[in-house]
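What follows is the residue order along each chain.
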Amino acid sequence: MKPLVINFQKCSIHDGPGIRSTVFFKGCPLECVWCHNPESQRYTKEVLYNRERCSGCERCIQICPHDAIISENGTVGLDKNKCELCETCLDYCINNAREIVGDEYTVKELLKMIEKDRMFYEESGGGVTLSGGEVMAQDMDFVCALAEGCHNKGIDVAIDTCGYAPKENYERIMKYADRFLYDMKLIDDEKHIKFTGKSNKKILENLKFLSDNGAYINIRIPLIVGVNVDDDNEEVMKMIEVLKGLNIKAVNLLPYHDIGKHKYTKLYMNYEGEAFEKPSDDKMDEIKSLFEKNNFSNVKIGG
Ligand code: SF4
Ligand code: SF4
């Protein structure tokens, strides 16, 4: 299936070094409970409903040719099983309350968009970041052609990955990737399954493969009270023990935030991360010190 893109972000400064263009692909094999980009989880296009813009006129209900839109106390609901993504409701909503997320591009189109900001990459030591969703769980012919195109033009390529993809995909992309921004969430596999829907076995195997083969690995850890942060730093110490045996160039510690929470409503989804909390600044400093005491030299709080 040809990949869909949810966003092409120019001038990004949180997705690797320097100023970057980030391509966010749609579709991810994990379903992290705290995901702040829920529109990136499914591989198909989706209808987004901006409730705050909706006047409740119900024109979309009348116009939907598939009877997918339902009246719900002054707002409108969606029967996802009936929606055929025909986009008719978008044309009839004068308040632009409805939109479809997920666009198709060719490799050539993306390369052209990426090349436009080449000057910024060169001046800042930046480049392009292929992200998601999960870039490594997309059509790899497409992803490799895009990465190769950037690589051949001398543009730095970062792969932002959760690690949950076939090992062959990492083998294929390695020759074009300058760096991997590699997520680590939990070492306890039961908890990993509970909070992301999948085992971490494949993720840890792929990480070891990249390390053994000399890839530049920048580990990125979302730190969440109620998931992997506690008083005893139990999970953090487990992560440190695993990472100590690998060739890790940098670590980013990312405090939890829930700024993507509102997107769940737009997608007619429930946000299940209400009980999670951001670690205190002192706790973040404590965790950073633990990494540094264990000889990790390039440890940063934030992206
Ligand atoms: S047409 Fe737009 S404004 Fe009217 S009910 Fe539908 S979403 Fe709301
Ligand atoms: S995209 Fe088409 S099928 Fe889906 S809700 Fe809108 S009008 Fe109905």
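Going by the structure above, here's the rest.
Throughout this description, residue numbers start from 1 for each chain and increase along the sequence as written. All chains are assigned letters beginning at A, and all ligands numbers beginning at 1, according to the order in which they are written. In view of the model being predicted, local features appear only for residues whose pLDDT reaches at least 70, and side-chain atom pairs are presented and counted only at 80 or more, with totals across whole chains, interfaces and linings using the full set of residues. The side-chain figures draw on all heavy atoms in the structure; neither hydrogens nor water molecules are used.

A. Representation of the overall build of the protein chain in the model. Each helix corresponds to a stretch of at least 4 residues labelled H or I by DSSP, and each strand to a stretch of at least 2 residues labelled E; elements are numbered beginning at the N terminus. Looking only at helices and strands, one finds 11 helices and 12 strands in the protein chain. Expected size for 303 residues packed as a compact globule is a radius of gyration near 19 Å; at 21 Å, the protein chain falls within 12% of this value. In terms of overall dimensions, the protein chain has a C-alpha envelope of 65 × 45 × 35 Å along the principal axes. Put simply, the protein chain has 303 residues, and 51% of those count as buried. By sequence separation, contacts in the protein chain at least 24 residues apart represent 70% of the contacts at least 6 residues apart. The globule rule is 2.2 Å times the number of residues to the power 0.38, and the radius of gyration it is compared with is taken over C-alpha atoms. Buried means the residue's accessible area, taken with a 1.4 Å probe over protein chains only, is under 20% of the maximum for its type, while exposed means over 50%, and partly exposed covers the values in between. Throughout, a residue-residue contact means that at least one pair of heavy atoms, one from each residue, lies within 4.5 Å.

B. Just the packing of helix α9 (residues 234-244) against helix α11 (residues 281-293), in detail. What counts as an axis is a line fitted to C-alpha atoms, over the stretch in contact for a helix, and the angles between N-to-C directions run from 0 to 180 degrees. In contact at an axis separation of 10 Å, α9 and α11 are set at 25° when each is read in the N-to-C sense. Between α9 and α11, the angle is such that the two are roughly parallel. By crossing handedness, the relation of α9 to α11 is classed as right-handed. Mapping the contact onto sequence places Val236, Met237, Ile240 and Leu243 in α9 and Ile287, Leu290 and Phe291 in α11. The classification used treats Ala, Val, Leu, Ile, Met, Phe, Trp, Tyr, Cys and Pro as nonpolar, Asp, Glu, Lys and Arg as charged, and all other residues, Gly among them, as polar. Per-class residue counts for the contact of α9 with α11 are seven nonpolar, no polar and no charged. Should an angle fall under 35 degrees it is called roughly parallel, over 145 degrees roughly antiparallel, and 65 to 115 degrees roughly perpendicular, with every other angle called oblique. Each crossing is labelled by how the near helix is turned from the far one, with a counterclockwise turn of less than a right angle marking it left-handed and a clockwise turn marking it right-handed.

C. Main features of the sheet that holds strand β12 (residues 299-301). Strand pairing follows a simple DSSP-based rule, namely that at least 2 bridges must link the two strands. A sheet is described by the order of its strands in space; here eight strands give the open sequence β1-β2-β7-β8-β9-β10-β11-β12, paired in mixed fashion. Single-partner strands in this sheet number two, and they are β1 (4-12) and β12. Mean inter-strand twist for the sheet, computed between neighbouring axes without regard to direction, equals 20°. Alignment of strand β8 (residues 156-161) against strand β9 (residues 179-183), held across four bridges, turns out to be parallel. Counted as the bridge partner of Ile159 is Phe180 from β9. Sheet contacts for helix α5 (residues 140-152): β2 (20-26), β7 (127-131) and β8; angle to β7, the most-contacted strand, approximately 170°.

D. Highlighting the site of ligand 2. Looking at ligand 2, the residues that line it are Cys64, Pro65, His66, Ile69, Leu78, Cys83, Glu84, Leu85, Cys86, Glu87, Thr88 and Cys89. For the shell around ligand 2, the residue count by class is eight nonpolar, two polar and two charged. Think of it this way: one heavy atom of a residue within 4 Å of a molecule or strand is enough to make that residue near it.

E. Structural detail: the site of ligand 1. All residues in the neighbourhood of ligand 1 are listed as Tyr49, Cys54, Ser55, Gly56, Cys57, Glu58, Cys60, Val76, Cys93, Asn95, Ala97 and Arg98. Across the shell around ligand 1, the residue classes tally to seven nonpolar, three polar and two charged.

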